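Here's the letter readout for the chains.
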Amino acid sequence: MPSDSYKNKNKGNGLWEFKEAKQITSLDRFILLILVIAGIISILRFADWWFRKDNIGNAGLYILLSLAFWYSIFRLILIWINYLRIRKPAHIAPQEGLSVAIFTTSSPGEPLAMFEKTLAACANVKYPHTTYLLDDTRDPAFKEVAEKHGAVWLELVGIPGAKAGKINRALEITTEDFILVLDPDHLPFPNFFDHTLGYFQDEQVGFVQVSQAYYNQYRSFTACGAAEQTYQFYGPTQMSLYGYGCSVAIGANCTFRKKALQSIGGHGIGLAEDLITAIRIHAAGWKSIYNPVVVSRGLVPEDFGSFCKQQLKWARGVFEVTFMELPRLFRKLSWWQRISYFTIGTYYLVGLTQLIFTVIPFLYFFTGILPARMEFADFIVFGAPVVLFGIVIYLYMQRWVCDPETERGLHWRGMILKFACWPVYLIGFLLALVNAEIPYIPTAKKAVIGYITPFIRPMIVHITVFIITIASVFIYRRFYMPESELAITAERTWGMMAFAFLAFIMALGGVYAALEARKMKMEEPWINVNIKS
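Residues numbered from 1 in each chain as written. Predicted model: local features only at pLDDT ≥ 70, side-chain atom pairs only at ≥ 80, totals over all residues. Heavy atoms only, no water.

**Some words on the packing of aromatic side chains**
In plain terms, the rule: Classification of ring pairs rests on two measures: the distance between centres of Phe, Tyr or Trp rings, Trp counted by its six-membered ring, which must be within 6.5 Å, and the angle between planes, read as stacked under 30 degrees, edge-to-face over 60 and tilted in between. A run of H or I in DSSP counts as a helix once it spans at least four residues, and a run of E counts as a strand once it spans at least two, with each numbered from the N terminus. Note on classification: 1.4 Å probe, protein chains only; a residue is buried when its accessible area is under 20% of the maximum for its type, exposed when over 50%, partly exposed between these limits. Think of it as a cone above the ring: NZ of Lys or CZ of Arg counts as a charge over the ring if it is within 6 Å of the ring centre and within 35 degrees of the ring normal.
This model, assessed by the stated rule, comprises 38 aromatic pairs. Ring plane angle 35° and centroid distance 5.8 Å describe the contact between F46 and W70, whose orientation is recorded as tilted. A residue pair is termed long-range when its members are at least 10 positions apart, and F46 in helix α2 (residues 26-50) and W70 in helix α3 (residues 59-83) qualify at 24 residues. An identical accessibility class is assigned to F46 and W70; each is buried. Arranged with centres 5.7 Å apart and planes meeting at 45°, the rings of F474 and W494 form a pair that is tilted. You can see F474 sitting in helix α17 (residues 457-479) and its partner W494 sitting in helix α18 (residues 483-515), a full 20 residues away along the chain. For F474, a relative accessible area of 44% translates into the label partly exposed. Lying over the aromatic face of Y244, R85 brings its terminal NZ or CZ to 4.7 Å of the ring centre. Of note, R477 hangs over the ring of W494, and the distance from its end group to the ring centre comes to 5.5 Å.

Below is the structure:
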């Protein structure tokens, strides 16, 4: 469970204050460069040991393990290199008289009370604008709440393309030049446009993205972990992508130039519609801006089942971009845009790599087959510096998270959720391979309480297999294995047990996150938010 101190820190009024990442100094860049060079040297030293001929066990499994392991290391190197171009744009005040709109969408099943707060917050945004509610609920109460808060209600029923389809239809019947796409669970601050519109003075800027932050992360282990997974991305990662000219548009809090959207035929449609839109806008030659400021807060999934459904949708959608969109536009992108979009597009391969890492210890326990004949002590000696520099660089980059008071830390909950979702990511990958469709379902805005999600089953199987396997290994080694073999196999066996035990602990964390939904109290987080404070 989240600690009381964590809950208090994340439930306070400070969440509704303007926050921004700090500027980067020359000394910061120098220290970062030294850390990255040292980290890469540690990786080269590790690679020199890893690929020694004497370390090869079963050749096929060694190749499979190496592909999975070094794929992860390669991604780490790219992240470090990306950090070297970290940049924050100078503030530019907006011009007066711009024609601005806010688009937010409503779908069947979404709570009306949430829209009361969202539309009231939109009405409080200081820069003159028009708010549009793009509605397909067929519920007249949504029209009433829109009109109550001065928003224009557009009934858009039966429009194909889900959220993106409604946005594209609204683009056709509205006249504003700049459009903020705002998820309905996000509450914009009054100064939102003060930190976005000024950048459009550059006629080549197609969109301006700001940070995505949350106000319900105190609610559960899952909510904490879901939020933790995003802190580094919306701080130093996006700032570094901006430094390379390829900051990514996100489905919320992104302000678009209408001409940029029109130049690509409208907002992208798909399960990862934001990523599709970003890559098309960049391919069309537009520039992007990432401003690391907190000028709105929204919701993260509060229960494990809802989180897994969101992740499945994202995984399937991101692979769709990788397999179809990226190859089509590859030549129109800059070299670092190509690398960045490929790296983002293959993120969810973690489902496949984690399957390999999880299975290999059990394969050894049941068959005695080893992919590599590496001494566990040597693995620690050569691998520890890589881990050390990975942690040091990760923590050092938290100097540029957007809200240091709540966003710094080891983010261990996020790591547990990432591990617990590897079967989800694997399913998303397999669905993409066969081009299977899954519906676009909005992420749940309230916790699903009292229901144990079936997404818990792979973790239960993993835990059960681990307990049975480890018990069998102990029994066999204690009563049946000849003493002459015990000493020979001891280091190898205990090393594999260590790897398996780490995965076991992570699986236990995933089970805890899933079971937490049984005892959560129903709460509508937006009820207690005072948007005028």
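Let's pick the thread back up.
**Notes on the pairing of strand β3 (residues 130-135)**
Operational definition: Any two strands with at least two DSSP-identified bridges between them are counted as paired. The path from the first strand over the helix to the second decides the hand: if it runs clockwise while the strands point away from the viewer, the crossover is right-handed.
For β3, a buried count of 5 out of 6 residues is recorded, marking the element as mostly surrounded by other parts of the structure. Where strand β2 (residues 100-106) meets β3, 6 bridges bridge the pair, whose relative direction is parallel. Within the sheet, the bridge partner assigned to I102 lies in β3 and is T131. In this view, the connection linking β2 to its parallel neighbour β3 by way of helix α4 (residues 112-124) has right-handed handedness. As defined by bridge partners, β3 adjoins strand β4 (residues 152-155) across 4 bridges and the pair is classed as parallel. Across the sheet, residue Y132 finds its bridge partner in β4, namely V152. Handedness of the β3-helix α5 (residues 140-148)-β4 crossover: right-handed.

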